Each structure stands twice: as structure tokens, then as C-alpha cells.
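The primary structure of each chain is shown beneath.
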Amino acid sequence: MSAAFARVIIDRAIHRELDYALPETLAERVEIGSRVRVPFREKSALATVVALLGQTDAPGVRPIEAVVGDRPALSPKLLELARWMSAYYCCPIETVARTLLPQVIRRAEVSWKKQLFVRRTRDVDPQEIEALRRRAPRQAELLSAVAKLDAPIAAAELLRKTQLDNAALRGLEKRGFVELREQQVERDPHSEDEFIATTNLVLNAEQAVALQAIEEAVSAPEHSQPLLLHGVTGSGKTEIYLQAIRVATRRGKTAIVLVPEISLTPQTVERFKSRFAEAQDCVAVLHSHLSEGERHDEWQKINSGRARIVIGARSAIFAPLENLGLIVVDEEHENSYKQEDAPRYHARDVAVVRGKMEGAAVVLGSATPSLESYHNATTGKYRLLNLTQRVDACEMPLIRIVDLRLERQKEKIAPIISSKLRDAITARLEKREQTILFLNRRGFSTSLVCSNCGQARECPNCSVALTFHRTAARLTCHLCGHTAAVPKKCPECGQDALIYSGFGTEKVESHVTEIFAHAVVRRMDADTMTRKDAYRETLRAFRSGKIDILVGTQMIAKGLHFPNVTLVGIINADLALHLPDFRAGERTFQLLTQVAGRAGRGETPGEVFVQTYTPFSPSIQFARHHDFAGYFQQELEFRERCDFPPFKHAVLITIRSAHEKRASFSAETLARRLKEALPAEFILGTPAPAPLEKLQGQFRFHILVRGDAIMRLSRLIRETLDKLPFPEDVAVAVDVDPYQLL
Ligand code: ADP
Ligand code: ZN
């Protein structure tokens, strides 16, 4: 029996599924997951089919107008995943469905690229070319090139190679020597690169154990838990992923590898492309720097089944692969896996759920697993695999703590670079070794304060100080991008008493350039890396030894391999520690461990200097001794005592409005209704101004709810919100398992 109706979710948020009639002409082509165009109100809208029905109770159904694309865009399994996300993350299904498809596919405006190809119609003998030369010398020249072709060639390429023009080509077409035809081509961002095939390395004992466990999980996913691969940087995790993918593809299955956007470098892509170089299409890459056309082509390559391995950032977890056998989430502790807009999902957690739904093995890898995952491993929910040794048997770097309080007493002011760190850099410069200096803050001075009236220059839209950027010679808000001219006098009191204080990477760079006049210093942060290739170029220069000291933000903290770096300086380890966030300690520990992992990957052991005002904080002390288990133990105790994740789920509700009173009033009302709706097992916090009270002109209030039964909690919150009419200018956001508490 063929269905007469289709139930769809419309791309626009209307919080409802609608039924449409299936015209006979389209019935054959519409499946679950198909994209369709339907009449909606006075216009037409794009929608996704979620069910096919024999009948419907809906009154006055209208027919579907058209089918978009030649195959369904979402599989039934991905729709099931969308439903789970909608329930778990307390988010309308259409918002989730929107996230599952890249915009370029959803809008269906971009299609395959067409190019004109030249094909020779018959063999040409030399005399014909000579005969032509007298009448049309340029056509003859082109013909002699065409005579040598053994396959069709893109017209543009032929003309570029021969340096001839279109007129000559059209001339040959007229004379019947060639045929011109439009042909579909792929926009492959890596078409210029050549990948030299690599083969599996011989694994060491620990690696072999890990691969064995993954193999078991791939072949019997129903009996396996997710695997947590805890291995220090350089312990050969990526090599295991590569071999595990090979295991999966040999069994006819497909694989997804998630890496944080920031570590999706050309080197990473090359490693995967080279290992699976036997089929050019085999590996698809998805990340945010693709052009719309490239994204279209990569996605179609996956959806049509040609690509069998997908490597990508967060949203690649939704790659439409069939027969999924393996999902790898590298650097699973990375915060960038959490999406900060609705649906506020965490790609690692979605990976675990998708793996379960599709019968795929899930491998989470990290040198510093998140507390959540490690806790899951200790309670038996995940299986823990350990790699304790670096492949190159390199020593872990020596971590030295510099107490900035003592430095300040010595020198009267707090130095940017302590004398100990300065000596260490000098020694590296003499030995021609390289240094990385890390500071998680951009700009030159982090505030401009009047020493007369005490007023700081604040962003008019956000409750933060403006940062002074010297190169741009402007004050900038790092939250909303607002910029302002630098005043000569204090605009509040009129006195010429403005002083700059606090510092960011731009100042560190200028300071270091001054002290080490002969060293080559470069900075790598969001301000200097605005050009597309800047990142690649700077890394290449650093790798080839043209840069002595690299100053940067977290951009340089992750996943880069530089054997000649023997010194890492962490300019201020306290930046993250003082944020009002229960994860602050965890972040600091991870960051220190990751940054320290940059030092001494070659022959020489590395050294790390950590400058801090809080030398005895546990995250710094445990990181110093590379004591992962010890750190976890004490951090878990703290979280349990305070009912924080991973012991309880948290849901953060943010209420915001340009009108402070309306925001606070709405927050109070919502809290009262939640109090009525939530059983006592849930811990309901009181509404309070957010730590970042004002952001982009909006006043913000928070309500934090905690509890165990997260699905239930999500549902109760959704129901409460649906019943509450908020004023138009008040917006409410629900964040389940939040990572940003500001
Ligand atoms: P991780 O992902 O844990 O940082 P990698 O897989 O990148 O580690 O391994 C670090 C380096 O060691 C890479 O250059 C890799 O090619 C090499 N390597 C990994 N495993 C082996 C092995 N079993 N034998 C030899 N070299 C290896
Ligand atoms: Zn701002």
C-alpha cells in the first residue's frame, strides 16, 4: 500500500508537525527523510518528511508541491537521533532538524558545479593540422594539443595550458574537431594535494590492547560500552584510530572521526587522506572553512555513499553515513564540542547515543579526559583503555611553578615575564631551540582606567571592560565586537589621567620583542590570524625554525607537533581559575596539561614554566606532577559534595531582555512556576543576575536547576515554558548540561 499522506516538520519554528497530501506523481519519490516543498500559510516552505501515513485526521490538508533532491536527506536513524536530541536538550524538533542538515543542503540553492569539457570527436592526422595552420594558426596550435588528448579535459584547463583563447576553441568546435559539453565536477578542497599512501605501523603492546578492544566493539557493538582511550599526547592514539577505521571499513562499515575545529589542520587531514589514499573519494572532510559549494559536494559525497570515512568538527556527528561502524571523538574533553546555540548539544554525548542507535563502536580519546567521561569509566558505563607511554619514549616535560607573588615583591611590579622564565628563554635562544609563550587573552591592555575618578572604559552593551588593541589603535569589546576610539582624556571627569592596565598577547609579543631584540617573535591569535592562510603560513614558518618565539592564545595549545620546542611558558595560569564556574579548576588542569604537552617532543626533554598567583591550587599542583588520577579524585569529591555534574545533571535557564525590569520579573515568575511544576527531587536555584549581567545590550538572569532524571526534567521545563506567556521582548534559553555559566 502506498501512503497517501506525509507528516513533515517545517524548517521554520512552529513547534508542530503538519500533514500534507501526497500527489500520485510524487508518491514514488517521497520517503521518510525526504526534503519537500509545501504550501505554508500564504507562501511555500521547505520541510522534512518524518512519517508516511495511510490517513490523517487533519482537516483541509494541502498537497506537497515538490520533492527537493534525488534522495532523502535524513535517514530514519538520524530522525530518531533528532527526536532524542529534541527531548534531551529541551529544544523544538525543527530546530534540531535544521542543525542536522548543512544550510547549503537545506536551502537547496547550491548545486553541483558544471564545467565545460572538451572532447575530441575523432583522430586528427598531422596534415590536417598543417592545412589548418595557414588559415587559422591559433586553432591549429590548439588542435595539435587536442590531438594528444586521451580523455576529455576541462576547457578552462586546456586554454590555460595552451595559452589560447575561447575563440580558437569555438573555431575547432565549428569545424567538428571537438565537442563541448557541460559536465558535473566536484569542488574538492584537496584536489591539488597529492596524498602518498601510508600503511599501518606496528603497534606497541598498549596500543595493541586498545585496538583489540575496539575491534571487539566494532564486531559486537550490542555487547560493548563506549571506550575511553586515555593516552598522553604522543602516545599513538591517532595511529589507533587509523587502524580501527581500517578494521571497520574492511567489514564494509563506515566511520566518523570528530576532532575539534582548531585541530582540524592540514596535517590531520593529510594523515587520514594518506592512510586511505587507495580511493580518492573515500575520505570526506567537513569543517567551517569550506565554501558553500565545497560543503555541498562533500555532503553529497557522503549521502550518496561514495565517501565512507568522514572527518570533521562538531556537526560532522550528523554525517549521513549508512552502515556506521565506528565513531571516534578525539580530544573528547574539548569544550568546542558543545554548541552554544539551540540545539545546545554536546557532540561527544550525541556520538554515544548515535553509536548506540546505529550499532557503532564509540571511541572517546583524550590526554585529559573530561570529568564526566572519566567518571563514566570508573563506574563501568564506559570501558577505560590506557596508553601510559609516549611512542618516542620521551620524558614528560619538567613543570616549574613561578610564584608571581614573590616576583612582585622582588621587582615591585608584577612582571610579564619572570626572571626565571627570561633566563630559560635566553638559554633556548643560545641553543637555537624554540619557545612557546601562552596567554589566554588577546589585545594589548585589558583595561583603560582613569587614575583620577577610577572609571574604567566599559562596553556600552556588555558588562565588561574594553580591551585596548594597539595595532588597530582602538578599544574593543571581546564579547560583542563593539569598538571605540581611544579617548585622550577621561570622558567622565575630563582629567588627563588615563592609565592602561592588564595585558594580553599583543603586549606580551611587544614586550618579548623588546627584551630579546635578536629573536624572531610571532603572535598567533584571532587578531593576527584573520587571513585564511595566515595560520598555515605561521605554523610552517615555526616548523621550519624561522621563528624563535611563538606567542599565542589557545590556538597554539592543541595538537601541534614541534620537535624543536623545548620550552613552554604559561604567562598567567590563573585566568580561568577565577571564573565563577564549577568547571574552572578542570579547565585549568586540562589547559596546563595540554600546553605542557607541546614541550619536548623530540630528543631533548621539555621544560614548562607556569606563572601563577595561586601556586597551591590543586589544578596547578596536580598538573605539575602529571597526576591525573589524583586530580580526578579530589575534583570528583568536590563535585559530589556540591551536587554538581557528573553527579547531577544541570540545566541553566537564561532569561534576557533589553529591559532590566522585565527580565528580572520574568525570571521571578518562571522560578515560581518551576517551583510548582518540579518535584522535590530537583534542586531549583533562585533566579539571580548572571555573572555577565549585560551582554550585547541585554540584561541577563539565570536559573540553575539540577537533578538526576534529565529527560523528565527537560520535559517539565518545556511544559512550564510552553504555558507561560513571556513578553515579546523577553527571550528564554534553556541549556542542558551547560558549559558556559557566565
Ligand atoms: P597521539 O594521537 O596520541 O598524539 P600519534 O598517533 O599522533 O599520537 O603518535 C605520535 C607519533 O608517533 C606520530 O608521529 C605517529 O606516527 C608515531 N607512532 C604512533 N604509533 C606508532 C608505533 N606503533 N610505532 C611507531 N611510531 C608510532
Ligand atoms: Zn560588548
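Rules and cut-offs
Residues numbered from 1 in each chain as written. Chains lettered and ligands numbered in written order. Predicted model: local features only at pLDDT ≥ 70, side-chain atom pairs only at ≥ 80, totals over all residues. Heavy atoms only, no water. Domains from an automatic or database assignment. Contact = heavy atoms within 4.5 Å. Buried area = accessible area lost by both parts, 1.4 Å probe. Salt bridge = Lys/Arg side-chain N within 4 Å of Asp/Glu carboxyl O. Buried < 20%, exposed > 50% of the residue type's maximum accessible area, 1.4 Å probe, protein only. Helix = DSSP H or I, 4+ residues; strand = E, 2+ residues; numbered from the N terminus. Arc of directions from axis to C-beta. Pairing = 2+ DSSP bridges. Near = heavy atom within 4 Å. Polar contact = N/O pair within 3.5 Å; in protein donor to acceptor, adjacent residues only side chain to side chain. Areas by Shrake-Rupley, 256 points an atom, 1.4 Å probe, with all protein chains shown as cover. Axes fitted to C-alpha atoms, helices over the stretch in contact; angles between N-to-C directions. Core = buried A, V, L, I, M, F, W, Y, C linked by side-chain atoms within 4.5 Å. Donors = N, O, S within 2.8 Å, 3.2 Å for Na, K, Ca; no water. Tetrahedral: all angles 85-135°; square planar, octahedral: opposite > 155°, others 65-115°. Left-handed = near helix turned anticlockwise from the far one by under 90°. Nonpolar A, V, L, I, M, F, W, Y, C, P; charged D, E, K, R; others polar.

## Some remarks on the domain arrangement of the protein chain
Then, number 1: For the protein chain, the assigned domains are domain 1 (5-77), domain 2 (113-185), domain 3 (205-393), domain 4 (398-444 + 503-638) and domain 5 (649-736).
Then, number 2: Relative to domain 4, the C-alpha centre of domain 3 lies at a distance of 28 Å.
Then, number 3: Every contact between the two is made by 22 residues of domain 3 and, on the other side, 23 residues of domain 4.
Then, number 4: When the buried surface of domain 3 facing domain 4 is broken down by residue, Ile 262, Thr 368 and Leu 371 rank first, second and third, together holding 28% of it.
Then, number 5: Remark: the boundary between domain 3 and domain 4 carries 1 salt bridge.
Then, number 6: A salt bridge links Arg 583 to Glu 372; its shortest N-O distance comes to 2.9 Å.

## With respect to helix 6 (residues 137-147)
Then, number 1: The set of residues buried in helix 6 consists of Gln 139, Ala 140, Leu 142, Leu 143 and Val 146. One side of helix 6 carries all its buried residues, which in axial view fall inside an arc of 165°.

## Looking at the pairing of strand 6 (residues 113-120)
Then, number 1: Where strand 6 and strand 8 (residues 178-185) come together, 8 bridges link them in antiparallel fashion. Each bridged residue has a counterpart across the sheet, and for Val 118 the counterpart in strand 8 is Leu 180.
Then, number 2: Where strand 6 and strand 7 (residues 153-154) come together, 2 bridges link them in antiparallel fashion. In the sheet register, Phe 117 faces strand 7, and the bridge partner there is Ala 154.

## Some details on the site of ligand 1
Then, number 1: Neighbouring ligand 1 are 16 residues; Val 202, Gln 207, Gly 234, Thr 238 and Arg 271 lie closest to it.
Then, number 2: Contacts to ligand 1 include Gly 234, whose backbone N or O atom sits 2.8 Å from an oxygen atom.
Then, number 3: A distance of 3.2 Å separates an oxygen atom of ligand 1 from a polar atom in the backbone of Ser 235.
Then, number 4: Protein coverage of the free-state accessible area of ligand 1, which is 560 Å², stands at 72%.
Then, number 5: Looking at which element gives the most residues to the shell around ligand 1, the answer is helix 10 (residues 237-250), with 3 residues.

## Overview of the sheet that holds strand 17 (residues 434-438)
Then, number 1: Taken together, 6 strands build an open sheet; the order of strands is 16-26-25-17-24-23 and the sheet is parallel. At either margin of the open sheet sits one strand with a lone partner, and together these are strand 16 (398-403) and strand 23 (521-524). The sheet shows a mean angle of 20° between the axes of neighbouring strands, taken without regard to direction.
Then, number 2: Bridging between strand 23 and strand 24 (residues 549-552) involves 4 bridges; their strand directions are parallel. Its bridge partner lying in strand 24, Arg 523 is registered against Val 551.
Then, number 3: Along the sheet, helix 17 (residues 505-515) contacts strand 17, strand 23 and strand 24; its crossing angle with strand 23, the most-contacted strand, is approximately 175°.
Then, number 4: On the sheet, helix 19 (residues 584-596) packs against strand 16, strand 17, strand 25 (565-570) and strand 26 (607-612) and is oriented at approximately 155° with respect to strand 25.

## Remarks on the nonpolar core
Then, number 1: By size, the foremost hydrophobic cluster in this structure holds 109 residues, and its most contacted members are Met 85, Ile 317, Ile 327, Val 350, Ile 570, Ile 653 and Ile 717.
Then, number 2: Dropping the residues within four chain positions of it, Ile 327 is found in contact with Ile 256, Ile 317, Ala 351, Arg 354, Gly 355, Ala 360, Ala 361, Val 362 and Val 363.
Then, number 3: Core analysis: the next-biggest nonpolar cluster, separate from the first, contains 33 residues, Leu 211, Val 218, Tyr 241 and Val 257 among them.

## Points about the coordination of the zinc ion (ligand 2)
Then, number 1: Around the zinc ion (ligand 2), the donor atoms from the protein are Cys 459 (SG), Cys 462 (SG), Cys 477 (SG) and Cys 480 (SG), and they sit 2.3 to 2.4 Å away.
Then, number 2: Viewed at the metal, the 4 donor atoms of the zinc ion (ligand 2) are separated by angles of 106 to 112°, and the geometry they form is tetrahedral.
Then, number 3: Mapped onto the polypeptide sequence, the residues donating to the zinc ion (ligand 2) form the spacing pattern C-x2-C-x14-C-x2-C. Taken as a pair, Cys 462 in the loop between strand 18 (447-450) and strand 19 (467-469) and Cys 480 in the loop between strand 20 (474-476) and strand 21 (483-484) lie far apart in primary sequence, 18 residues in all.
Then, number 4: Judged by its relative accessible area of 1%, Cys 462 is buried.

## Some thoughts on the packing of helix 9 (residues 205-219) against helix 10
Then, number 1: Contact geometry for helix 9 and helix 10: axes closest at 10 Å, N-to-C directions at 30°. Helix 9 and helix 10 meet at a crossing whose hand is right-handed. Contacts from Gln 207, Ala 210, Leu 211, Ile 214, Glu 215 and Val 218 in helix 9 reach Glu 239, Ile 240, Gln 243, Ala 244, Val 247 and Ala 248 in helix 10.
Then, number 2: Along the lines of polarity and charge, the residues of the contact of helix 9 with helix 10 split into 8 nonpolar, 2 polar and 2 charged.

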